[in-house]
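# Fold and geometry: a report
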Amino acid sequence: MQNYEVKRLLVNYKTLEEFKNFREYGSAELSMKGDLEANMIENDSESPFYGIYYGNKLVARMSLYRIAGKFDRYFNPPQDYLELWKLEVLEPYRKKGYGKTLVNFAKSFGLPIKTNARQGSSDFWTHIGFEAATYDATRDRGESPFVWYPTGVKEQQTDQELINVESTENIN
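Residues numbered from 1 in each chain as written. Predicted model: local features only at pLDDT ≥ 70, side-chain atom pairs only at ≥ 80, totals over all residues. Heavy atoms only, no water.

## Describing the packing of aromatic side chains
A complete count under the given rule lists 11 aromatic pairs for this structure. On the basis of an interplanar angle of 65° and a centroid distance of 6.3 Å, the ring pair of Tyr74 and Tyr81 is categorised as edge-to-face. Residues Tyr74 and Tyr81 agree in their burial class; the two are buried. Note on Phe75 and Tyr149: the rings are 5.8 Å apart at their centroids and 80° apart in plane angle, and the pair reads as edge-to-face. With a gap of 74 residues between them, Phe75 in strand S4 (residues 75-76) and Tyr149 in the loop between strand S8 (145-148) and strand S9 (154-155) connect regions that are remote in the sequence. Summarising the burial analysis for this pair, Phe75 and Tyr149 share the class buried. (Phe/Tyr/Trp six-rings, centres within 6.5 Å; stacked < 30°, edge-to-face > 60°. Buried < 20%, exposed > 50% of the residue type's maximum accessible area, 1.4 Å probe, protein only. Helix = DSSP H or I, 4+ residues; strand = E, 2+ residues; numbered from the N terminus.)

## Considerations on the sheet that holds strand S1 (residues 7-8)
Here seven strands make up an open sheet; going across it, the order is S1-S2-S3-S5-S6-S8-S7 and the pairing mixed. Edge positions in the sheet fall to S1 and strand S7 (131-132), since each of these pairs with one other strand and no more. Bridging between S7 and S8 involves two bridges; their strand directions are antiparallel. Note on S8: the bridge partner recorded for Ala132 is Phe146. (Pairing = 2+ DSSP bridges.)

## Overview of the nonpolar core
If you look at the biggest cluster of nonpolar residues, it comprises 32 residues, and the most contacted ones within it are Met62, Leu84, Tyr98, Trp125 and Phe130. Where this core is concerned, the elements lending two or more residues are strand S2 (49-54), strand S3 (57-67), strand S5 (81-89), helix H3 (98-107) and S8. No other element matches the five residues that S3 contributes to this core. (Core = buried A, V, L, I, M, F, W, Y, C linked by side-chain atoms within 4.5 Å.)

## A few points about the side chain of Glu83
Mapped onto the elements, Glu83 comes out in strand S5. By relative accessible area, which is 11% here, Glu83 ends up buried. When neighbours within four sequence positions are excluded, Glu83 is seen to be in contact with Ser63, Leu64, Tyr65, Ile67, Lys114 and Asn116. (Contact = heavy atoms within 4.5 Å.)

## Here we look at the pairing of strand S6 (residues 113-116)
The alternating pattern of S6 places Ile113 and Thr115 on one face and Lys114 and Asn116 on the opposite face, and all of these are buried. Of the pairings in the sheet, the one linking S5 to S6 comprises three bridges and is parallel in character. Its bridge partner being in S6, Leu84 is matched across the sheet by Thr115. On the question of chirality, the crossover connecting S5 to the parallel S6 by way of H3 is right-handed. Pairing geometry for S6 and S8, over four bridges, is antiparallel. By the bridge assignment for S8, Ile113 is matched with Trp148. (Right-handed = clockwise from strand over helix to strand, strands pointing away.)

## Structural notes on the pattern of salt bridges
Oppositely charged side chains can form a pair if their charged atoms are brought close together. Applying the stated criterion across every chain, the model contains six salt bridges. The residue Arg61 makes a salt bridge to Glu88 at a minimum N-O spacing of 2.9 Å. Here Arg61 is found in strand S3, whereas its partner Glu88 is found in strand S5, with 27 residues between them in sequence. With respect to class, Arg61 is no different from Glu88; both count as buried. The salt bridge involving Lys114 is made with Glu83; its shortest N-O contact spans 2.8 Å. With Lys114 in strand S6 and Glu83 in strand S5, this pair connects stretches of sequence that are 31 residues apart. (Salt bridge = Lys/Arg side-chain N within 4 Å of Asp/Glu carboxyl O.)

So this is what it looks like as structure tokens:
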């Protein structure tokens, strides 16, 4: 497998133009255009966007956000974690390792990772070491969360699991 270089993308109008190639039939969740316009500071190096270029063409991208531990409802022990959004590889470049390279880059930070699997992408996520999180209707609100656990981290019990444990303890 080829080794691809992941680059932090600059928040600028050139990147905004490149993101237009990723629009998949108007799917708003795949378009970073709104995110980019909301964060428009010319060449902001603290952008949450990462990508891989093939020559001069951006062919794969994702956004990574660090979520503070006080908001963690997925991992035990509760801690800072990464939320991976909008992973997409342009059609002609799929199945060549670009998506896996981006995810491995995210894993290199050593923090737990949470993402929401798009319809039909569950096999990809499980293939690269993610697990479907136990669904919690209050927390997940119709999303399909997948998580990656670094060594020493496990799944946080959901509210429903805690209620079930407490009611079992009350019976005994």
